[in-house]
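Close look at the chain arrangement
Each chain, written out:
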Amino acid sequence: MEPPLHSIRSMHRTIFNRIFAVIYSIALLLLLFHHALNLFSSTSILSFFISISMFISDLLLAFMWPTGQGFRICPVTREVFPENLEKTVDKKDFPDLDIFICTADPYKEPPVNVVNTALSVLAYDYPTEKLSVYVSDDGGSELTLFAFMEAAKFGTHWLPFCRENKVLDRCPEAYFRSKYTPNSETEKIKIMYEQMKKRIENVIDSGKVSEYITSEEEPEAFSKWNKEFTRQDHPAVIQVLLESCKDKDVTGFPMPNLIYVSREKSRTSPHQFKAGALNTLLRVSAVMTNGPIILIQDCDMISNDPRTPYNVLCYFMDASIRPKLAYVQFPQCFKGLNKNDIYSSEMKRWFHINPMGMDGLLGPDNMGPGCFFTRRAFFGGPSMSLFVQPELPQLSPDHEVNSSIKSKHILELADRLAGCNYEKGTNWGSKIGFRYGSLVEDYYTGYHLHSQGWISIFCQPKRPAFLGDIPITLLDVINQQIRWGVGLLEVAFSRYSPLTFGMQALGPLMSLCYANYAFNSIWSIPITTYSFLPQLILLNKIYIFPKVSDPWFILYAFLFLGAYGQDCLEFILAQGTLTRWWSEQRIWLIRGLTNELFGSLEYLIKIMGFTTQGFHVTSKLVDDEQSKRYDRGIFEFGVASPIFLPLATAAIINLAALLHGTMQILKGGNFDESFVQLFISGFGMVNCLPVFEAMVLRTDKGRMPIKTTLISIISALCLYIVASFILKI
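Given the structure is predicted, the values throughout are model-derived calculations rather than measurements.

1. A closer look at the packing of aromatic side chains
In total, this model carries 61 aromatic pairs according to the counting rule given. Ring centres of Tyr343 and Phe635 lie 5.2 Å apart, and the angle between their planes is 85°; this geometry places the pair in the edge-to-face category. Of this pair, Tyr343 sits in the loop between β9 (325–329) and α11 (348–359) while Phe635 sits in the loop between α21 (624–631) and α22 (645–666), and the two are 292 residues apart along the sequence. The residues Tyr343 and Phe635 share a single accessibility class, namely buried. Here a set of aromatic residues connected by ring pairs shows up, and it is made of Phe71, Trp350, Tyr443, Tyr444, Tyr447, Tyr496, Phe501, Tyr514 and Tyr517. In this structure, Arg163 packs its charged tip against the face of Phe253, placed 4.1 Å from the ring centre. Positioned above the aromatic ring of Phe571, the side-chain terminus of Lys348 is 5.9 Å from the ring centre.

Right, here's the structure in full:
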């Protein structure tokens, strides 16, 4: 009997989750019934307006809560046994592995960082003749190409160094920042790395590569960059930097393949953002290497474990699940998080907890980086009857490549496949490859793969397989998630909505999971309502919630404590801390007033036919002062952005309501009636402490701009005056 390659087990909290889901659902129905009673007993237009506003908010909360239960019904954990892999499979039978790395802007995504990512996967502990790395430069920058030419040279020294010294951190930057053992060999390779790094940074600073070209081959590679070459309008550039069958490292060992790809772009042709870039790599790699397994990586997501492919093969080499397995998804993990993770950049619920819940169903959604696909999954459903034949036989996942990747006919075909008009009249983006139609191409593609009958697996080893960078300013966090929110709403209200199409294709539980993501932005409606309405009414001495002595108060207390208690318990059980959980729930409220609110508005503007910002690259540049403040757990505002106005205004109104309500109680007011609104105001105020600190106490550059603070104060005052006027009519 062959030794097992992996195992799976249900989580202990499954039964508790199911029982609690039933009890909480009953409580939600009682809450809606209570709202119905209030609506029917309304004696004025004002009381009806208040009741209907709270009813709509709680109805949306009641809608979002069941969508989250899909993650809790069948959560599982898995374990892999890579030590058994070579006992059952010979290395020569390992499948070829193609790795896609995407970058788009050398000034927002420093090429040194992208080079480190590429070197970390080039140095995988995997047969080098079966390993190919494709770098998609969607910015079409000669600076990025130069950086990878330097990386190819350094790689001939770095890869044998890692192999011979059994280095675990195979990202050079990470290795030299670690507690490595210094010796002459290590110092020599470090000097080489620093020289490469300096040359790349000098080129970025000067914006020119001509002064640093040294070999006879390099000038030809840069010949396409002329006066007419721009980011939005340029020909395809495909450059083979390393070829496994010809290029050797300094010890004579074959190097992996390394190919630079910048697809053709034209202002008159849609380029479909990142999904278009990935589909270009799918086609180009098909005619060059056609590896059956494909790893998708972001430019800042370094490999943290050189044996990660072995973990993946524990699933792909299992004949019992291989025919229907589309991808193996690793959690996104990040380096540089501060102690309390103030922006909840870890996103533990999205990247760790929820995928374990989906793994007990059809498998986790595609999170983008850290995902190993089978190439066959991009060409229709798992059965042969659902296979979608590509327009060229060379693009088929079964096509065997027998030519050198530097062959003239291969390069000419690859150049044509990277053309901006190639996809016209084909199935690319609809039935083949990554799906078009949403800014979140990873989520949308995974959703379609599951709908076609594929399954996926969540692999969460003890040592993170990958480590990425995080934005360290609140504005960068918000801007990144605005794009996610718009993309998810595009799916939510399309003909492929998880509530309609998904319910038929995936079943109720899986469709609820996808709906939870797709409709995530509507959290902004109840969060915004609860951030303003109870407080403005409290300032006018009107009470809208049950008294503490009222039996209905128990229902409200249970709903709040039950939801927060379960959320906190899951977070702690997922190896989280109480302080990081507090940061997560705080940033959830902040998102409701910022990116989810503005993302919803941007989506509405978009469907009305107006131009929106579309995809933009999150900056990976790090300012030293910002970095120091982030490490100390201080929120970074610093920019007079309208995105901060609702948040700052809500903070002021919650503080005013809390102070006013407290003063009324001290003067003999009714604590029994006002407690719930006082609690909501106090809870909002406590969560806004970083905002108050940024508005009043801080003097550094990351404080809330005075302009934003003044506008927020005026806005809060205007809201109070308008509310007071309406409530007195």
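2. Brief notes about the side chain of Ser136
Tracing the sequence through the fold places Ser136 in strand β4 (residues 131–137). Not counting the four nearest positions on each side in its chain, Ser136 is found in contact with Ile101, Cys102, Thr103, Val261, Ala277 and Leu281.

3. Quick notes on the packing of helix α13 (residues 441–451) against helix α16 (residues 508–518)
Interhelical geometry of α13 versus α16 gives an angle of 165° and a closest axis separation of 12 Å. With respect to each other, α13 and α16 are oriented roughly antiparallel. In this structure, the crossing between α13 and α16 has a hand that is left-handed. Judged by residue contacts, Tyr443, Gly446, Tyr447 and His450 of α13 engage Met510, Tyr514, Tyr517 and Ala518 from α16.

4. Here's the deal with a nonpolar patch on the surface
The grouping of Leu601, Leu604, Ile605, Ile607, Met608 and Phe610 at the surface amounts to a nonpolar patch, some 600 Å² of accessible area in total. Mapped onto the elements of the fold, Leu601 is located in helix α20 (residues 595–607).

5. Describing α11
Here α11 is 12 residues long and its end C-alpha atoms lie 15 Å apart, about the 16 Å a rise of 1.5 Å per residue gives. When you tally the buried positions in α11, you get 11 out of 12 residues, the bulk of the element. Looking at the packing, one finds that the buried side of α11 touches α2 (45–73), β2 (76–80), β11 (455–458), α16, α18 (551–573) and α19 (578–593).

6. Concerning the sheet that holds strand β6 (residues 257–262)
If you trace the eight strands from one edge of the open sheet to the other, you get β5-β6-β4-β3-β7-β10-β9-β11, paired in mixed fashion. Edge positions in the sheet fall to β5 (237–242) and β11, since each of these pairs with one other strand and no more. Mean inter-strand twist for the sheet, computed between neighbouring axes without regard to direction, equals 20°. By the bridge criterion, four bridges tie β9 to β11 in an arrangement that is parallel. Residue pairing in the sheet places Val328 in a bridge with Ile457 of β11.

7. Thoughts on the packing of α18 against helix α23 (residues 671–687)
Orientation of α18 relative to α23, taken along the N-to-C sense of each, is 20°, at an axis distance of 12 Å. One way to sum up the angle between α18 and α23 is to call them roughly parallel. Within the contact between the two elements, α18 uses Phe553, Phe560 and Tyr564 and α23 uses Phe675, Val676, Phe679 and Phe683.

8. Looking at the nonpolar core
Among the nonpolar cores identified, the biggest contains 194 residues, and Tyr124, Trp158, Met288 and Phe372 are the most heavily contacted of them. At 13 residues, the largest contribution of residues to this core is made by helix α5 (residues 142–165). Ignoring any residue separated from it by four or fewer positions in sequence, one finds Met288 in contact with Tyr134, Ile238, Val240, Ile259, Val401, Ile405, Ile410, Leu411 and Ala414.

9. Some details on the UniProt feature "transmembrane region" (unreviewed entry) in the protein chain
According to UniProt, the feature "transmembrane region" (unreviewed entry) maps to residues 15–33, 45–65, 553–573, 637–658, 678–697 and 709–727 in the numbering used here. From the first C-alpha to the last, residues 678–697 spans 25 Å; its make-up is 95% helix and 0% strand.

10. Some words on the environment of Ile713
Looking at where Ile713 falls in the secondary structure, it is placed in helix α25 (residues 706–728). Relative accessible area serves as the criterion here: at 43%, Ile713 is assigned to the partly exposed category. On a C-alpha basis, the gap between Ile713 and Tyr260 in space is 52 Å, while along the polypeptide they are 453 residues apart.

11. Looking at the environment of Val548
Here Val548 lies in the loop between α17 (524–539) and α18. Given the relative accessible area of 34%, Val548 is considered partly exposed. It is 33 Å that separates the C-alpha atoms of Val548 and Gly576, two residues lying 28 residues apart in sequence.

12. Some words on α25
Because the α-helix completes a turn every 3.6 residues, residues three or four places apart line up on one side. Over its 23 residues, α25 extends 33 Å from the first C-alpha to the last, a length consistent with the 33 Å expected when each residue adds 1.5 Å. Regarding α25, the residues found buried are Thr708, Thr709, Ser712, Ala716, Ala723, Ser724 and Leu727.

13. Comments concerning the UniProt feature "binding site: Mn(2+)" (unreviewed entry) in the protein chain
UniProt annotation of "binding site: Mn(2+)" (unreviewed entry) refers to Lys274 and Asp298 when read in the numbering used here. Sequence-wise these annotated residues cover 25 residues; spatially they are packed, their C-alpha atoms never more than 10.6 Å apart. Assignment of secondary structure puts Lys274 in helix α9 (residues 273–288). Lys274 gets classed as buried once you look at its relative accessible area, which sits at 16%. With sequence-adjacent residues up to four places away left out, Lys274 is seen in contact with Cys102, Asp298 and Glu441. Within the element layout of this structure, Asp298 appears in strand β7 (residues 293–298). For Asp298, the contacting residues outside a window of four places in its chain are Ile101, Cys102, Thr117, Lys274 and Pro369. A polar contact is formed between the side chain of Asp298 and the side chain of Lys274, at a distance of 2.6 Å.

Reading guide: rules and limits
Residues numbered from 1 in each chain as written. Predicted model: local features only at pLDDT ≥ 70, side-chain atom pairs only at ≥ 80, totals over all residues. Heavy atoms only, no water. Phe/Tyr/Trp six-rings, centres within 6.5 Å; stacked < 30°, edge-to-face > 60°. Helix = DSSP H or I, 4+ residues; strand = E, 2+ residues; numbered from the N terminus. Buried < 20%, exposed > 50% of the residue type's maximum accessible area, 1.4 Å probe, protein only. Lys NZ or Arg CZ within 6 Å of the ring centre and 35° of its normal. Contact = heavy atoms within 4.5 Å. Axes fitted to C-alpha atoms, helices over the stretch in contact; angles between N-to-C directions. Parallel < 35°, antiparallel > 145°, perpendicular 65-115°, else oblique. Left-handed = near helix turned anticlockwise from the far one by under 90°. Patch = residues over 30% accessible without salt bridge, like charges linked within 9 Å, V, L, I, M, F, W, Y side chains within 5 Å. Areas by Shrake-Rupley, 256 points an atom, 1.4 Å probe, with all protein chains shown as cover. Salt bridge = Lys/Arg side-chain N within 4 Å of Asp/Glu carboxyl O. Expected span 1.5 Å × (residues − 1). Pairing = 2+ DSSP bridges. Core = buried A, V, L, I, M, F, W, Y, C linked by side-chain atoms within 4.5 Å. UniProt positions renumbered as here; feature names shortened; annotations may be inferred. Polar contact = N/O pair within 3.5 Å; in protein donor to acceptor, adjacent residues only side chain to side chain.

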